[in-house]
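Report on the structure
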Amino acid sequence: MKLYSTNNHQNIVDFQQAVFQSLPEDNGLYMPLSVEKLNQDWIKSIQNYSFQEIAKKISYELLKAEFSENEINDLIDEVINFPAPLVFLEEDLAVLELFHGPSFAFKDFGARFMSRVMAHFSRKEDQLLDVLVATSGDTGGAVALGFLGVEGTRVTILYPKGKVSPIQELQLTANGNNIRAIEIEGTFDDCQALVKQAFLDKDLIGRLNLTSANSINIARLIPQSFYYFEAFAEAKRKGFEKISFVVPSGNFGNITAGILASILGLEVKQFVAATNANDTVPHFLETNTYSPKSSVQTLSNAMDVGSPSNWVRVMEFFEHDLHVLKKKLLSKSYSDDETLKAINEIHEKYNYIACPHTAIAWLAAKEYQATKKDKSEVTVFLSTAHPCKFPDVFPVHLRDKIINPKEVKELKLKKSLKVEMKNNFSELKEWLIRNN
Ligand SMILES: *Cc1c(COP(=O)(O)O)cnc(C)c1O
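So, here is what we can say about the structure in this document.

What counts and what doesn't
- Residues numbered from 1 in each chain as written.
- Predicted model: local features only at pLDDT ≥ 70, side-chain atom pairs only at ≥ 80, totals over all residues.
- Heavy atoms only, no water.
- Helix = DSSP H or I, 4+ residues; strand = E, 2+ residues; numbered from the N terminus.
- Rg over C-alpha atoms; globule rule 2.2 N^0.38 Å.
- Buried < 20%, exposed > 50% of the residue type's maximum accessible area, 1.4 Å probe, protein only.
- Contact = heavy atoms within 4.5 Å.
- Areas by Shrake-Rupley, 256 points an atom, 1.4 Å probe, with all protein chains shown as cover.
- Pairing = 2+ DSSP bridges.
- Axes fitted to C-alpha atoms, helices over the stretch in contact; angles between N-to-C directions.
- Near = heavy atom within 4 Å.
- Polar contact = N/O pair within 3.5 Å; in protein donor to acceptor, adjacent residues only side chain to side chain.
- Nonpolar A, V, L, I, M, F, W, Y, C, P; charged D, E, K, R; others polar.
- Salt bridge = Lys/Arg side-chain N within 4 Å of Asp/Glu carboxyl O.
- Parallel < 35°, antiparallel > 145°, perpendicular 65-115°, else oblique.
- Left-handed = near helix turned anticlockwise from the far one by under 90°.
- Core = buried A, V, L, I, M, F, W, Y, C linked by side-chain atoms within 4.5 Å.

So, on to the overall build of the chain. Helix and strand content of the chain: 20 helices and 14 strands. Against the compact-globule benchmark of 22 Å for 436 residues, the chain has a radius of gyration of 21 Å, which places it among compact chains. Expressed as a percentage of its 436 residues, the buried residues of the chain come to 58%. Counting contacts in the chain only where the partners sit at least 6 residues apart, residues at least 24 apart contribute 74% of the total. Roughly 18500 Å² of accessible area belongs to the chain as shown, and the carbon and sulfur atoms make up 48% of that amount.

Right, here's the structure in full:
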């Protein structure tokens, strides 16, 4: 697979370079140079294939230049080892649960795939691969658990003190093995600045084989397309021929992967990107003026993004044709009040507890369904995280009803192993060298 940079279409690299570089030097984003459609007969009979078989087919089509069929099979067997169930709440409304992986959020798909891809490429070199990453919560857990025990890799995670939930913190700090967690006395932005500085430090990059696990890495995008096909396979088994997806969106990576799925040949009637008060995209689709802003804090904090990095990829996939884009993609923003009301309503209506991000997607799904007539179309909204990750959001009567996965109970018994550090680059650098 060859990729180009959105800032310079002549800047073309191979997949390995795009994976280790994450971001092109010209500050664009890497995009696949060409995507061939999957065989239509295969898609028509997709209900006959398992989730793993679907993931293997897509990976093989996209990465046949880099991986043998056997390597793809092994990779997917390791990565896709948990399900993405489609749970019907109404006759033609279903929630796609993407939180059955190790960190209980959909980011597990991207992080697990990326970790194995990086390990595959670095196996050929004998130096340990050092992944350095800053997190505000969900990304770090997925990366830590994605790389945990992956040979030839070591992960160092920087997170802001007091700003992640207790479960999130344990997911970062209770691993040991090849995962190290550093609690920084500062904000998420401080953590990110430290990571950036490390990548600019010639002395440090001369000593360590550093790479980032950035959320815009192309290796995180590809595996997120798998579950759109998987949802369609399950919908077909239930007798549906048409499908629409509602995606709770922050940095717009998840929905970009959905659009990649449609470019691979999956027919999607409608995409809806649901956001919280960070409404840069809904505002753009309404006014044609793109004005990114600073993020505002909301209850659905994994979507608190004022300047969504993947939006340029969405535009690129639609060849910057706003007319076509607006037909395929709707976007709507919801307030914290609406989110809380939705959480309660979902519980009353279906006896189902949705995390705040998922609740926003449900609101947009209901609003979309009010405009459509076709009963052969199923509306699927994506559930991006398990509610146990955000206990503080829920009113007490619901909080007590959240059933923690057994892994959470195990996690609470583990010892937290964090390193505490000031927001100071020399201290970080010295620590990284001393603990090499
Ligand atoms: C990261 C995240 C999102 C936003 O996904 P994007 O790909 O950034 O749009 C939504 N919900 C949860 C729980 C997340 O962790």
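Attention now goes to the sheet that holds strand β1 (residues 2-5). As summarised here, the arrangement of the three strands in space is β2-β1-β3, forming an open sheet in which the pairing is antiparallel. Sheet topology places β2 (8-14) and β3 (30-32) at the edges, where each strand pairs with a single neighbour. Across the sheet, the mean angle from the axis of one strand to that of its neighbour is 40 degrees, orientation sign disregarded. The pairing of β1 with β2 spans four bridges and is antiparallel. Within the sheet, the bridge partner assigned to Tyr4 lies in β2 and is Ile12.

This part covers the site of the ligand. Close to the ligand lie 15 residues; Lys107, Asp138, Gly250, Asn251 and Thr384 are nearest. At a separation of 3.1 Å, an oxygen atom of the ligand approaches a polar backbone atom of Gly253. Taken by itself the ligand offers 390 Å² of open surface, and the protein chains cover 95% of this. For the shell around the ligand, the class distribution of residues is six nonpolar, seven polar and two charged.

Summed over all chains, the structure comprises 22 salt bridges. Among the salt bridges present, the one from Asp92 reaches Lys372, with a minimum N-O distance of 3.4 Å. Taken together, the residues Asp92 in the loop between β4 (86-90) and β5 (93-97) and Lys372 in the loop between α17 (356-369) and β13 (377-383) connect sequence positions 280 residues apart. Note that Glu234 is salt-bridged to Arg237, the shortest N-O span being 2.5 Å. Here Arg237 and Glu234 lie together in helix α11 (residues 226-237), a separation of three residues that amounts to about one turn. Accessibility expressed as a relative area gives 39% for Arg237, which makes it partly exposed.

The next subject is the packing of helix α3 (residues 51-63) against α11. Any two packed helices are characterised by how steeply their axes cross, that is the angle between the axes, and by the distance between the axes. The N-to-C vectors of α3 and α11 enclose an angle of 135 degrees; their axes lie 9 Å apart at closest approach. One element, α3, and the other, α11, form an angle in the oblique class. Taken as a pair, α3 and α11 cross one another with a handedness that is right-handed. For the pair α3 and α11, contact is made by Phe51, Ile54, Ala55, Ile58 and Ser59 and by Phe226, Tyr227, Phe229, Glu230 and Ala233, respectively.

What follows concerns helix α13 (residues 280-287). Think of an α-helix as 3.6 residues a turn; residues three or four steps apart then line up on the same face. Every buried residue of α13 is listed here: Thr280, Val281, Pro282, Phe284 and Leu285. Those residues of α13 that are buried lie in contact with β11 (270-275), α14 (311-317), α15 (322-328) and β12 (329-333). Looking one or two places after α13, you find Asn288, whose phi comes out positive at around 65 degrees.

Attention shifts here to the nonpolar core. Counting 95 residues, the largest nonpolar core has Phe15, Tyr227, Tyr228, Phe229, Phe245 and Trp311 as its most contacted members. A per-element tally of this core places α11 first, with eight residues. Of all hydrophobic cores here, the second largest spans 40 residues; its members include Met303, Ile360, Ala364 and Leu398.

As a further point, take the side chain of Ser115. In this structure, Ser115 sits in helix α5 (residues 107-122). For Ser115, a relative accessible area of 0% corresponds to the buried category. Within the structure, Ser115 has its side chain in polar contact with the backbone oxygen of Gly146 (distance 3.0 Å).

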